[in-house]
Amino acid sequence: MSGKSNEKIITLGKYLLMVCYTIFILAPFIWILYSSLRWEPNLFAGEFLANPGGLTFNNYFRAIAGANFGEYFLNTLTISFITTAVVTLLALLGGYSLSRFNLRFKNQIIMAMLSSQMFPHVLLIIPFFAVMSGFKLLDSYTGIVLTHIVLGLPFGIWLIKGYFDGVSTSLDDAARIDGLGSVGILFRVVLPVAAPGVAVTAFYAFMVSWGDYLFVSIISQSSSTRTLTIGLDNFLGATQIQWGPINAATVLTVLPTIVLFAFLQKWIVKGLTSGATKG
Amino acid sequence: MSGNKKKDSFFSRINIFSSFLQKRTLTEKKKITGWLMLLPVIPAFLIVIIFPALMGIINSFTDADIVAMTVGIGAEFFDIVDFIGFSNYMDLFTDGDFWEVTLRSFALVGIAVMLQYVLGLILALLLDEGLKGFGWFKNVIMLPWVVPVASMVVIFNWMTAPNYGVVNMLLETIGLEHLTTNWFGSLAFAFPIIIIMHVWRNMPFYALTLYAGLSSIPQNQYEAAEVDGATAWQKFRHITLPNLKYPSMVVIVLHVLWTFNNFDIIYLSTGGGPVGTTEVMATEVYDMAWNLNLMGRAAALGVIMMLIMMIFSGMYLKLVGGDV
């Protein structure tokens, strides 16, 4: 009898803990979304739920209308779109090569990719600046995109290679007997099976580019190449912070990553954890 | 006639070449394809690893400033800068800030990674229980990780704002007005909040990885232990933990590297303040280089960071026996 009530208490404790985790992880999202939909004066009234005038998209209109938001958004979108496309394609080829061919320096290359995670980006940015300056690429899309490609590629290849490793080579062999070349095998046979791995890599590249502050802050020199993360930081640095529009701008900055994540969620979770559990 | 002959020899040469190719084994041909596929990637590695490392090391022995950087990487660079030996390193070691900032970097990594691991492991175990009504939680758990750091910083700034932030409002509601404060501006709380931000962002990654590890533990191990009358703690200690060794290693190492090298979480939220109480090595390098215009000294500090991470990675590789 007491064992049963003990078990009940333990189950209750588990549920309570789970609720705490849920609140910890989700509350910030809910609060920023809710705040972005309140009239600005209501934000400062010290009330949680009182909303005279109801909820509104006013902050969003103000954010979009003001302070280069549209320009920054377009910059960010262009830069991260090109980065994602290039990184995914290159990682696909490189990852396939490292997974399927027994190349001579294979292990050294894989080690080099992983060790690139070791380098402090704040140190990398100094030579990057010199290179971009030397090639007259400061303040250009090209300069930023190149930087983001180089940043995203090593880990991207590692992710996709991990996925290819999990796809049986018997498919490759069958296709080779049917007369397909390596590139044909990759795109027609392996790619459809490894789509989740590709999705993860693409998403990772997108995240690197969309969320980057450090490299854009140095390579970009004018509003024509500035991205949303820089814009948010500028908003926050203002002497009189306009919380209404900033909250809305934050939601708009977060939204694309969440929408993409929602579409790819199952694959991303699988792809991210497969590298760590395969052993 | 002679033209024909020329043609013949041309074709025969092609024939020889192609038969030469045919004679090569299939694997050799495949290897060429393999290298071709990898070809675009190699310059990227050179750019991210070899070149910056060399350039960083060279810079750390010079008195370079931003102007020297703008002339690019050609010979002019060496005309402008002077080599000053180990002066940058000496300046760092005698500068009181250096040890404090280095220690804080270690503290941040140690505390954040430990909290993330313990909380992530507990969450993974909870997820593994399959509690009714929480099946959806796995699907949204990674959201903090996908949010750009700049957005996360705004969100936390807004929640902890001095007068109308939700944290202070909650404290007032439950009658703890005396605890309300300007969190990010507070000497005592700025650093803990930075750690909370790290935990919020990264802990789900640990949870999912460890959860995936938990799901792959063969059930019969637990059944056998049950037959032997093992307690819940013994099962956890002798079956669960050993089976999680590999995924644990991977997440911990990745996050030690990421946290130690992370720049924007601190730079965007406190800029190292108030009064330097959240300054870490990464933010110090950025400040020295771009705000104080001490490129050489910044590079020296960056090189020290790199060495620390190399020692750490070397130790790790030794521990796991060189398996990647």
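It should be emphasised that the depicted structure is a prediction, and the values quoted were computed from it without experimental measurement.

1. Here's the deal with unusual backbone geometry
Most peptide bonds are trans, and most residues other than glycine sit at a negative phi. Residue and element names in this part refer to chain B. With an omega of -10°, the peptide bond running from Gly 273 to Pro 274 counts as cis. Positionally, Pro 274 belongs in the loop between α16 (264–269) and α17 (281–291). Located in the positive-phi region is Val 275, a residue other than glycine, with phi close to 45°. Looking at where Val 275 falls in the secondary structure, it is placed in the loop between α16 and α17.

2. A short note on empty space enclosed by the protein
In this structure the tally under the stated criterion is 4 cavities of 30 Å³ or more. Approximately 840 Å³ is the volume attributed to the largest cavity. In this structure, the largest cavity is lined by 33 residues; those nearest its centre are His 121 and Val 208 of chain A together with Trp 258, Asn 262 and Asp 264 of chain B. The set of elements that each furnish at least two residues to the lining of the largest cavity consists of α7 (141–165), α10 (195–211) and α11 (214–219) of chain A together with α9 (143–146), α12 (190–215), α15 (245–261) and α16 of chain B. For the lining of the largest cavity, the leading source of residues is α15 of chain B, giving 5 residues. Residues belonging to the lining of the largest cavity are distributed by class as follows: 20 nonpolar, 10 polar and 3 charged.

3. Observations regarding the interface of chain A and chain B
Contacts between the two partners involve 93 residues from chain A, matched on the other side by 99 residues from chain B. Buried area between chain A and chain B, summed over both chains or domains, comes out near 8,800 Å², and the portion from carbon and sulfur atoms is 84%. The three residues of chain A that bury the most area against chain B are Met 18, Tyr 21 and Met 118 of chain A, which together make up 8% of that side's buried surface. Summed over the shared surface of chain A and chain B, the result is 1 salt bridge. For the salt bridge of Glu 129 of chain B with Lys 14 of chain A, the shortest nitrogen-to-oxygen distance reads 2.9 Å. One can count 8 residue pairs in polar contact (both at pLDDT 80 or more) joining chain A with chain B. At 16 residues, helix α13 (residues 243–277) of chain A tops the list of elements feeding residues into the side of chain A that touches chain B. Along the lines of polarity and charge, the residues of the side of chain A that touches chain B split into 65 nonpolar, 23 polar and 5 charged.

4. Considering the domain arrangement of chain A
Residues and elements named next belong to chain A. For chain A, the domain assignment lists domain 1 (2–36) and domain 2 (71–277). Contacts between domain 1 and domain 2 engage 5 residues on the former and 6 residues on the latter. The interface formed by domain 1 and domain 2 holds 0 salt bridges in total. Where domain 1 packs against domain 2, one counts 0 residue pairs in polar contact (both at pLDDT 80 or more).

5. Details of the layout of surface pockets
Taken as a whole, the largest pocket holds about 680 Å³ of empty space. Contributing to the lining of the largest pocket are 21 residues, with Lys 14 of chain A together with Leu 125, Asp 128, Glu 129 and Ala 232 of chain B lying nearest its centre. Of all the secondary-structure elements, those providing two or more residues to the lining of the largest pocket are α1 (2–36) of chain A together with α7 (96–129), α12, α13 (219–227) and α14 (232–243) of chain B. Sorting elements by how many residues they give to the lining of the largest pocket places α7 of chain B first, with 5 residues. Of the residues that constitute the lining of the largest pocket, the class distribution is 11 nonpolar, 4 polar and 6 charged.

6. Focus on the nonpolar core
One finds Leu 123, Phe 137, Ile 141, Met 281 and Trp 290 of chain B to be the most contacted residues of the largest nonpolar core, which totals 192 residues. By residue number, the principal contributor to this core is α12 of chain B, which donates 15 residues.

7. Regarding the packing of helix α4 (residues 69–100) of chain A against α7 of chain A
All names here are of chain A. Running from amino to carboxyl end, α4 crosses α7 at an angle of 40°, the nearest separation of the two axes being 6 Å. Between α4 and α7 lies a crossing of right-handed hand. Of the residues in the contact of α4 with α7, the class split is 18 nonpolar, 9 polar and 3 charged.

8. Describing the pattern of salt bridges
Residue and element names in this part refer to chain A. Counted by the stated rule, this structure contains 6 salt bridges over all chains. Here Arg 62 ties to Glu 40 by a salt bridge, and the two come within 3.0 Å at their closest N and O atoms. Within this pair, whereas Arg 62 is found in helix α3 (residues 58–65), its partner Glu 40 is found in helix α2 (residues 40–43), the two being separated by 22 residues in sequence. With a relative accessible area of 30%, Arg 62 lands in the partly exposed category. The buried category is assigned to Glu 40, whose relative accessible area is 15%.

9. Things to note about the packing of aromatic side chains
Enumeration over the complete set of coordinates arrives at 38 aromatic pairs over all chains. A centroid spacing of 6.0 Å and a plane angle of 35° characterise the contact between Trp 158 of chain B and Tyr 164 of chain B, whose relative ring orientation is tilted. Looking at Trp 158 of chain B, the relative accessible area reads 1%, which means it is buried. The exposure class assigned to Tyr 164 of chain B is partly exposed, which follows from its relative accessible area of 23%. Through successive ring pairs, a cluster of aromatic residues spans Phe 155, Trp 158 and Tyr 204 of chain A together with Trp 145, Phe 205 and Trp 258 of chain B.

Definitions and cut-offs
Residues numbered from 1 in each chain as written. Chains lettered and ligands numbered in written order. Predicted model: local features only at pLDDT ≥ 70, side-chain atom pairs only at ≥ 80, totals over all residues. Heavy atoms only, no water. Helix = DSSP H or I, 4+ residues; strand = E, 2+ residues; numbered from the N terminus. 1 Å grid on protein atoms, 1.4 Å probe; cavity = no way out; pocket = protein on both sides within 12 Å on 5 of 7 lines; lining within 4 Å. Points joined across faces, edges and corners; volume = space filled by probe spheres on them. Nonpolar A, V, L, I, M, F, W, Y, C, P; charged D, E, K, R; others polar. Contact = heavy atoms within 4.5 Å. Buried area = accessible area lost by both parts, 1.4 Å probe. Salt bridge = Lys/Arg side-chain N within 4 Å of Asp/Glu carboxyl O. Polar contact = N/O pair within 3.5 Å; in protein donor to acceptor, adjacent residues only side chain to side chain. Domains from an automatic or database assignment. Core = buried A, V, L, I, M, F, W, Y, C linked by side-chain atoms within 4.5 Å. Buried < 20%, exposed > 50% of the residue type's maximum accessible area, 1.4 Å probe, protein only. Axes fitted to C-alpha atoms, helices over the stretch in contact; angles between N-to-C directions. Left-handed = near helix turned anticlockwise from the far one by under 90°. Phe/Tyr/Trp six-rings, centres within 6.5 Å; stacked < 30°, edge-to-face > 60°.

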